[in-house]
Amino acid sequence: MSSTRAVLVLGDQLDLSNPALQANPPGSAAVLMIESLQESKLVWVHKARIAVFLAAMRHFAQALREAGYTVHYSALADSGQRSLVEVLQDQCEQLGIASLDMAEPGEWRLEQDITTMARKQSLKLRMLDDGHYLCTRAEFATWASKYKQLRMEYFYREMRKRTGVLMEGEQPAGGQWNYDADNRSAYPKAGPGSISPPAAFEPDKLTLQVLDEVRQRFADHPGELDDFCWPVTREQALHALEVFVTTRLPNFGKYQDAMWTKTPFGWHSLLSVALNLHLLNPREVIERAEQACKEGQVDLPSAEGFIRQVLGWREFMRGVYWLDMPGMRQGNALQAQLDLPKWFWTGHTHMRCLGDSIGQTLQYGYAHHIQRLMVIGNFALLAGLSPQQVEDWFLAVYVDAVEWVELPNVAGMALFANGGRFTSKPYISSGAYIKRMSNYCDNCRYNPSLKTGDKACPFTTLYWGFLDRREAMLSANPRTGLMAKNIARLSDDERQKLRQQCELTLKKLDTL
Ligand code: SF4
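Not measured: the values here are computed from a predicted model.

Draft legend 1. Region of the structure containing the overall build of the protein. Looking only at helices and strands, the protein has 23 helices and seven strands in total. The C-alpha radius of gyration of the protein comes to 23 Å, within 12% of the 24 Å expected for a compact globule of 512 residues. In terms of overall dimensions, the protein has C-alpha extents of about 80 × 55 × 45 Å along its principal axes. Within the protein, the fraction of its 512 residues that count as buried is 59%. Of the contacts formed within the protein by residues at least 6 apart in sequence, a portion of 76% connects residues at least 24 apart. The centroid of the 56 positive side-chain charges in the protein is displaced by 6 Å from the centroid of its 58 negative side-chain charges.

This is how it looks when you write it as structure tokens:
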């Protein structure tokens, strides 16, 4: 083996078909893998998120060795307080690496730092297109250049045509591109009933070591590890896919937006963790869902609703991220400045919807997309919390969070921080939406119908307060014109009371 050539595999590139590994078969190059304490400390990261990355990385290093690669693995204990790029530089110097291949990273800052280091060190660096994705960065940029406003739906249709997924010739299967209208049911009044559980994985010896290490090193970090059962190997990820498609996907479509107390996972796939670590390839996930649909095990609205998230939304988020960085990180179109309330880190709030959604986030490192968007994100937008603080929080607490997918979802979709770059309106709702989609309001001290008074629901108060403050913006947009009309109907006296209630609500954010 030449000692001058190496492949860098990052913690979210754990796939043997990584293009840099494909270009350098075993024996032709060393593989470098680096755990970095500094990366985990950048934001106050959930213990489960740290553990899932470390456990998956250490298992992948084993798989690489079994495949015949020589792996130089820098564990947390070796890396000390150094950043990933500092450790990489040291490794390259010690091993005499002159030429480094890697798949393009999932984070803008890291790409900049590695490129800068390589230039300074005269290291020959090749960043290869990451074939994990169905749309390359360049292809997305070409697609986006044709539009004034970017819309996921058009991109998704293009991807359906290009891949032939759920297509009958030139037409979408079933005659419709999108079954979103069939994907919005609440659970029945009596509750969700019995839900087939997702695949759960008993930690093996290696994972148990990681859990112990994380408990010790990151004792003061948020979150729990007692329920850690995420897939951390390729085999586990494939099993999780199979369990989802055969037992949960049939009900996923209908109930994907529904919420219920003590129902942290609903019918959701929980596959985003394995996908974002690259333990699963999106193609095989899409193919398996499409196959189940063709074989009649899953109806079309469920299969399409799921495939839309993987083939449409996920690829669209990545494309937008690379198009808009680094500016996306600074966006604050609505000038939102407030600090996060303390209960973002404890879940201790009287608002049942937020208590439940944040509580399960801290317990498992997981909440589903509606809890993230329409409960937590909605509140942050209505209250005017600082986008950068909210973005850091989302990146820290979810096991599946990597910046390319987290940032556009939070900044663009949830917070409207980039002024509607790829959304046609701010996604806001009052307590009425949460009441319709969950049972959270049943035992809450607040009343979702009230915008003023002691029992006023903070969502409802702040929603109307948002309409009041943003009336001009909302009336200028055909998609929010009705909202503007609703606020215009309030009398001066009602508006005055509403403004006082908003002020009071924002003053006592920490104790709501
Ligand atoms: Fe949430 Fe308001 Fe319902 Fe309480 S009443 S659970 S705060 S939406």
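On we go from here.
Draft legend 2. Here's a closer look at the domain arrangement of the protein. When the domains of the protein are assigned, the result is domain 1 (5–128), domain 2 (137–198 + 248–324) and domain 3 (342–511). Computed over C-alpha atoms only, the centres of domain 2 and domain 3 are separated by 24 Å. Here domain 2 is connected to domain 3 by one salt bridge. R421 is the salt-bridge partner of D324, the closest N and O atoms lying 2.7 Å from each other.

Draft legend 3. Broad picture of the pattern of salt bridges. This model, assessed by the stated rule, comprises 30 salt bridges. D226 is the salt-bridge partner of R215, the closest N and O atoms lying 3.8 Å from each other. Pair noted here: R215 is in helix α9 (residues 205–217) and D226 is in the loop between α9 and α10 (234–255), with a separation of 11 residues, a long-range link. Here D392 makes a salt bridge to R329, at a shortest N to O gap of 2.4 Å. Of this pair, D392 sits in helix α17 (residues 387–397) while R329 sits in helix α14 (residues 327–330), and the two are 63 residues apart along the sequence.

Draft legend 4. Expanded view of the nonpolar core. With 162 residues, the main nonpolar core has M33, F316, L354, F379 and F459 as its most contacted residues. Broken down by element, the residue count for this core peaks at 12 residues, all from helix α3 (residues 47–66). Leaving out residues up to four positions away in the same chain, F379 has contacts with W343, M351, L354, P458, F459, L462, L509 and L512. By size, the runner-up hydrophobic cluster in this structure holds 18 residues, among which are L100, L110, I114 and A118.

Draft legend 5. The environment of L37, seen in detail. Turning to its location among the elements, L37 is positioned in helix α2 (residues 37–41). Since its relative accessible area comes to 7%, L37 is described here as buried. The sequence separation of L37 and Q81 amounts to 44 residues, and the corresponding C-alpha distance is 5.9 Å. Leaving out residues up to four positions away in the same chain, L37 has contacts with L76, G80, Q81 and F218.

Draft legend 6. Representation of the sheet that holds strand β4 (residues 99–103). Strand order across the open sheet formed by five strands is β3-β2-β1-β4-β5, with parallel pairing between neighbours. Of all strands in the sheet, those bounded by a partner on one side alone are β3 (71–74) and β5 (124–128). Each strand of the sheet is rotated relative to its neighbour by a mean of 20°, with strand direction disregarded. One ladder, built from three bridges, connects strand β1 (residues 5–8) with strand β2 (residues 30–34); its direction is parallel. What sits directly across from V7, in β2, is V31.

Draft legend 7. Region of interest: the site of the ligand. Close to the ligand lie M351, R352, C353, G431, I434, Y440, C441, C444, Y446, P448 and C457, which account for all nearby residues. Judged by the fraction of its atoms near the pocket grid, the ligand is located in the largest cavity. Elements that contribute at least two residues to the shell around the ligand include exactly α15 (352–364) and α19 (431–437). Looking at side-chain class alone, the shell around the ligand contains nine nonpolar, one polar and one charged residues.

Draft legend 8. Spatial organisation of empty space enclosed by the protein. Enumeration over the complete set of coordinates arrives at four cavities of 30 Å³ or more. In this model, the largest cavity occupies a volume close to 90 Å³. Mapped onto the lining of the largest cavity, the elements with two or more residues apiece are α19 and α20 (458–469). For the second largest cavity, the calculated volume is near 50 Å³. In this structure, the second largest cavity is lined by D12, Q13, E104, P105, G106, D130, Y133, H278, R318 and W404. Residues that form the lining of the second largest cavity fall into these classes: three nonpolar, three polar and four charged.

Draft legend 9. Quick look at unusual backbone geometry. In the segment running from M325 into P326, the intervening peptide bond is cis, with an omega of 5°. Along the polypeptide, P326 turns up in the loop between α13 (300–324) and α14. The residue S122 is not glycine, and still its phi comes out positive at about 55°. Positionally, S122 belongs in the loop between α6 (108–120) and β5. By relative accessible area, S122 is classed as exposed at 65%.

Draft legend 10. Geometry of the side chain of R372. With respect to the helices and strands, the residue R372 is situated in helix α16 (residues 369–383). Relative accessible area serves as the criterion here: at 17%, R372 is assigned to the buried category. If near-sequence neighbours (up to four positions away) are discounted, R372 is found in contact with Y366, A367, G377, F394, Y398 and D400.

Draft legend 11. Looking closely at the pairing of β2. With five of its five residues buried, β2 lies for the most part within the structure. Across four bridges, β2 lies against β3 in parallel orientation. The partner of V31 across the bridge, within β3, is V71.

Draft legend 12. Quick peek at the packing of α10 against helix α12 (residues 282–294). Where α10 meets α12, the closest approach of the two axes is 10 Å, and the angle between their N-to-C directions is 30°. One finds that α10 runs roughly parallel with respect to α12. At the point where α10 passes α12, the crossing takes the right-handed sense. Of the residues in α12, those in contact with R234, L238, L241, E242, V245, T246 and L249 of α10 are E284, V285, R288, A289 and A292.

Quick notes on the rules
Each residue is numbered by its place in its chain's sequence as written, counting from 1. Under the rules for a predicted model, residues below a pLDDT of 70 receive no local features and side-chain atom pairs below 80 are neither given nor counted, while totals for whole chains, interfaces and linings still include all residues. Hydrogens and water molecules were not included; the side-chain quantities draw on all heavy atoms of the structure. Helix and strand assignments come from DSSP, with helices taken as H or I runs of at least 4 residues and strands as E runs of at least 2, each series counted from the N terminus. For this measure, only C-alpha atoms enter the radius of gyration; the expected value for a globule follows 2.2 Å times N^0.38, where N is the number of residues. Type-normalised accessible area, obtained with a 1.4 Å probe on protein chains alone, sets the label of each residue: buried when under 20%, exposed when over 50%, and partly exposed for intermediate values. Note on contacts: a residue pair is in contact if any heavy atoms of the two residues lie within 4.5 Å. Asp and Glu are treated as the negative residues and Lys and Arg as the positive ones, with His and the ends of the chain left uncounted. Note on charges: their place is set at NZ of Lys, CZ of Arg, CG of Asp or CD of Glu. Either an automatic procedure or a domain database provided the assignment from which the domain bounds are taken. What counts as a salt bridge is simple: a side-chain nitrogen of Lys or Arg found within 4 Å of a carboxyl oxygen of Asp or Glu. The criterion is simple. A nonpolar core is a set of buried Ala, Val, Leu, Ile, Met, Phe, Trp, Tyr and Cys residues joined through side-chain atoms within 4.5 Å. DSSP calls a pair of strands paired once it identifies at least 2 bridges connecting them. To obtain an axis, a line is fitted to C-alpha atoms, over the contacting stretch when the element is a helix, and the angle between two such axes runs from 0 to 180 degrees between their N-to-C directions. Proximity is defined per residue: any heavy atom of the residue falling within 4 Å of a molecule or strand makes that residue near it. The definitions used throughout rest on a 1 Å grid laid over the protein atoms alone, on which a cavity is an enclosed set of points accommodating a 1.4 Å probe that cannot get out and a pocket is an open set flanked by protein within 12 Å on both sides along at least five of seven lines; lining residues are those having an atom within 4 Å of a point. More than half of a molecule's atoms lying within 2 Å of a cavity's or pocket's grid points is what places that molecule inside it. We call Asp, Glu, Lys and Arg charged. Ala, Val, Leu, Ile, Met, Phe, Trp, Tyr, Cys and Pro are nonpolar, and the rest, Gly among them, are polar. Grid points are joined across faces, edges and corners, and a volume is the space filled by probe spheres set on the points. An angle counts as roughly parallel when it lies under 35 degrees, as roughly antiparallel when it exceeds 145, as roughly perpendicular when it falls between 65 and 115, and as oblique in every other case. For any helix crossing, the convention is left-handed if the near helix is rotated counterclockwise from the far helix by under a right angle, and right-handed if that rotation is clockwise.

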